[in-house]
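Secondary and tertiary structure notes
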Amino acid sequence: MTTGRPGAGAAPHVPASTPEPPTPVEQRGAPHAGAAPRTGAARTARPAEAAATAARRRIVVRGIVQGVGFRPFVHGLATEMGLTGHVTNTGEGVVAEVEGAPGALLRFGERIRGEAPPLAVVEAVEGEDIAVAGDTGFAILPSRSGGPARTLVAPDAATCDACLAELTDPADRRYRHPFLTCTHCGPRFTIVRALPYDRAQTTMGRFPLCERCAAEYADPADRRFHAQPIACHDCGPRLRLLAAEPDDPAGAPRPVSGDPVAATRRLLADGAIVAVKGLGGYHLVCDAGDDAAVALLRRRKARGDKPFALMARHIADVDGLVAVGADERALLTGPVRPIVLLRRLDRAAPGAPAVSDAVAPGSPDLGVMLPYTPLHHLLFGLPGDPPGPRLLVMTSGNVAGEPIVTDDGEALERLAHLADAWLGHDRAIQVPCDDTVVRISDGEPLYVRRSRGCAPYPIALPVPVRPALATGGDLKNVLCLGEGRRAWLSAHIGDMDDLATQLAFERAGAHLEAITGVRPRLLATDRHPGYRTGQWARRHTDGRPLVRVQHHHAHIAAAMAEHGLDGSRPVIGVAFDGTGYGDDGAVWGGEVLLADYAGYRRFGQLGYVPLPGGDASVRRPYRMALAHLHAAGIPWSDELPPVAACPPDERRLLVRQLERDLNCAPTSSMGRLFDAVSSLAGICHRAGYEAQAAIALEAAALTAGEDHGPGYAFALRIGAGAGGADLVADPAPVLTAVAEDVRAGTCRAVIAARFHTAVAELVRRCCALARERTRLATVALTGGVFANTLLAETAAGLLRQDGFTVLRHRQVPPNDAGLALGQLLVAARTRGS
């Protein structure tokens, strides 16, 4: 059995029957341009084989083998080798019965494994001898439904080179067709209703094939042979542009006559905000160089300063704005086409397109993606079209905190106050799917959001698990189904604060069950009593065991699982994040756990400080800074930035609150310490989006240069043990040093860099002490704080210097989007409650 592994940025690897730690692999690349199924002209069976006694085998191919041109591939291969029989799709995979010389049948199975189509991943090829039937040719039979689904659905894939050539060729019948696709590219996961994967089981089922498309679909020599989303101008789908009348902007949007794409391009050039329907939902789109349009979109969406993503026609359009290395180029141009976080250049190169300052204020990165659908390419224009914007803002079409909009009617209603026009179409979206977000760190992909182009690729599990559903957390929610040695993660669902997201969570779980055939006999969820995911799990046990998994234990288990650790030996897990429910009821988030799948011991923690007012201190980092100063015994003098940032009346109330310990949950959160230092250094006092203060602190540190003088150091002391941590890291000396530097007028960038170094050195010291006491030498760095690449790379480098094996997330995000995978593995070793 072989394991197909997408390359850097393509997607997390797919499962094998025998787990192995992930290793860097070659980028899978774009589909072969114009590749057609093999025909009998390519190679014929050897005369000796043809004369040999015929045999027949039933071959089952499992993996990602539906929706990727696998049956046409099998047909072409069998025809080339002079074999007879048939092939079909079933719930268990692709099933072929093949007849011919025994030696040819053996080679046929080997070639299926080694020469599969570009988007296919062959997980297993299983064969058995059956009775000879005496077929005279090789046929593709209609798919067979029924029985449990055991095959894998392919993710959506970016437009291949062959389709792009047709899109831009005036002589081709699909010239400018916005839904052009083939067996090597286009929608898959987002249109699948059920298995087996056939047109009738997708949202394309309502579009009858025209005569020419039907002929291509039935032609084994055609690139669209049994391509289920096949379409053209004649058979649909079709675009529609709606816009409010200029003299009646509050009225109902009306259809715009003429070419919808050309009209949309003109609207964008004129400063409009257009809701554009894509593969997995609507985007809100505007000209990224238009200050007024970007600022208007930011105000309408109540986005604060959270960065917008950009789409560029070519890499060349961003080369003068950001640093693009070979690994980033592979991500940008591969079949996933994610949003890639790229470091900004100190100054834009001459000739680079303009980017409004409102696109990503204060961010050291720009999130960039390239077109991944024909419609995107058309929006930028083909040769000869009037010029439009060179860069487009592409942000999720939703109200802040709600799931991405997929339904056309909902788009008109829910995006009415956000968009000026709507470019939609009549192909339904079955599964909402936001864009994947990824960056390169230490030469490997680091996912921030794993969604379009990745879901529903499964993760290989190092240990078998019983059928189970893990609900994840309440932020960045992703749920996970697992059975045996596979785990399927949903696309990004979002934050579980509103009813729309909770309904999307239920639909995502039901769809994942439908396409995987997993029927959970166990539920796993977070221990936080207030999490909506946990409340949902409790309401839906239906007699099944429910396992509650500690938040940071799940983070560490996720890192172990994706690196193929079987849990026979614990790791030193460093879990730094914003919030996690602790065993003692406190808010944890700066933890060093000695953990395997079966359990953990709290070896180290950041010292507790009060969290006054809960979320109020998350939104206003100056409150967190004042709480840390209070805990450290540092006076609130007027020259300190958070003191000046806090209104006097609020400051007086905060003093009484801290002195009397009113509504002040204790927290060991490293995320909140980053917030506090960001405010103390005068960088960010109010956060308009999650982790804004920490991101701004990292951005400042990146500008400090190599030599930033003497660093800061945490004090380590022996903890209480027996339920508490063995080791406690006291941040008071760091805060004292930061305050002294602020008073001395030290550059903010230098303060930020010194703090990052102090945290990395803390990780190093804690792990060294853990190794002295336990002889453990493998460290997992996990939790949302380690999305900070400056910290993560520095800490990992120091640990490697000290001889540690370092596990960093490469297949699931380090933040709460990876929680469900860890919950699944822990639940497999735990009795339900």
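Right above here is the structure, for reference.
Heads up: these notes are all about the structure in this document. Everything numeric in this text was worked out from a predicted model, so none of it was measured.

Parameters at a glance
Residues numbered from 1 in each chain as written. Predicted model: local features only at pLDDT ≥ 70, side-chain atom pairs only at ≥ 80, totals over all residues. Heavy atoms only, no water. Helix = DSSP H or I, 4+ residues; strand = E, 2+ residues; numbered from the N terminus. Rg over C-alpha atoms; globule rule 2.2 N^0.38 Å. Buried < 20%, exposed > 50% of the residue type's maximum accessible area, 1.4 Å probe, protein only. Pairing = 2+ DSSP bridges. Contact = heavy atoms within 4.5 Å. Axes fitted to C-alpha atoms, helices over the stretch in contact; angles between N-to-C directions. Polar contact = N/O pair within 3.5 Å; in protein donor to acceptor, adjacent residues only side chain to side chain. Salt bridge = Lys/Arg side-chain N within 4 Å of Asp/Glu carboxyl O.

1. Thoughts on the overall build of the protein
- Secondary structure assignment for the protein yields 23 helices and 30 strands.
- A compact globule built from 833 residues would reach a C-alpha radius of gyration of about 28 Å, and the protein, at 28 Å, matches this within 12%.
- The principal-axis extent of the C-alpha atoms belonging to the protein is close to 90 × 70 × 50 Å.
- A buried classification covers 60% of the 833 residues belonging to the protein.

2. Examining the pairing of strand β22 (residues 571–581)
- Across the eleven residues of β22, nine count as buried, placing the element largely inside the fold.
- Pairing of β22 with strand β23 (residues 587–595), which is carried by eight bridges, proceeds in the antiparallel orientation. Of the residues in β23, the one forming a bridge with A575 is E591.
- Here β22 hands over to β23 after five residues, with G585 in that stretch at a positive phi of 85°.
- Inspection of the sheet shows β22 paired to strand β29 (residues 778–782) by four bridges, in the parallel sense.

3. Topic: the environment of A231
- Mapped onto the elements, A231 comes out in the loop between α5 (211–217) and β7 (239–243).
- Taking C-alpha positions, A231 is 6.7 Å from F179, a pair spaced 52 residues apart along the chain.
- Those residues in contact with A231 that sit more than four places away from it in its chain are R174, H177, F179, M204, C213, G236 and P237.

4. Quick look at the sheet that holds strand β12 (residues 339–343)
- Taken together, the eleven strands give an open sheet; going across it, the order is β8-β7-β15-β9-β10-β14-β11-β13-β12-β16-β17, and neighbouring strands pair in mixed fashion. Two strands lie at the open edges of the sheet, namely β8 (254–255) and β17 (444–449), each paired on one side alone.
- As defined by bridge partners, strand β11 (residues 309–312) adjoins strand β14 (residues 391–396) across three bridges and the pair is classed as antiparallel. Along β14, the bridge assignment pairs L310 with V393.
- Across the face of the sheet, helix α8 (residues 326–333) comes into contact with β12, β13 (365–369) and β16 (437–441) while running at roughly 155° to β12.

5. A short note on the environment of D407
- Checked against the element boundaries, D407 lands in the loop between β14 and α10 (408–414).
- Classification of D407 as partly exposed rests on a relative accessible area of 40%.
- Separated by 418 residues in the primary sequence, D407 and L825 have C-alpha atoms spaced 35 Å apart.
- A polar side-chain atom of D407 sits 3.0 Å from the main-chain amide nitrogen of G409.
- At 3.0 Å, the side chain of D407 forms a polar contact with the backbone nitrogen of E410.

6. A closer look at the pattern of salt bridges
- According to the stated counting rule, one finds 43 salt bridges in the structure shown.
- Residue E166 pairs with R223 through a salt bridge whose shortest N-O separation is 3.3 Å. Highlighted residues: E166 in helix α4 (residues 161–167) and R223 in the loop between α5 and β7, separated in sequence by 57 residues.
- For E166, a relative accessible area of 12% gives the class buried.
- Here E650 ties to R623 by a salt bridge, and the two come within 2.8 Å at their closest N and O atoms. Here E650 is found in helix α17 (residues 648–660), whereas its partner R623 is found in helix α15 (residues 621–632), with 27 residues between them in sequence.

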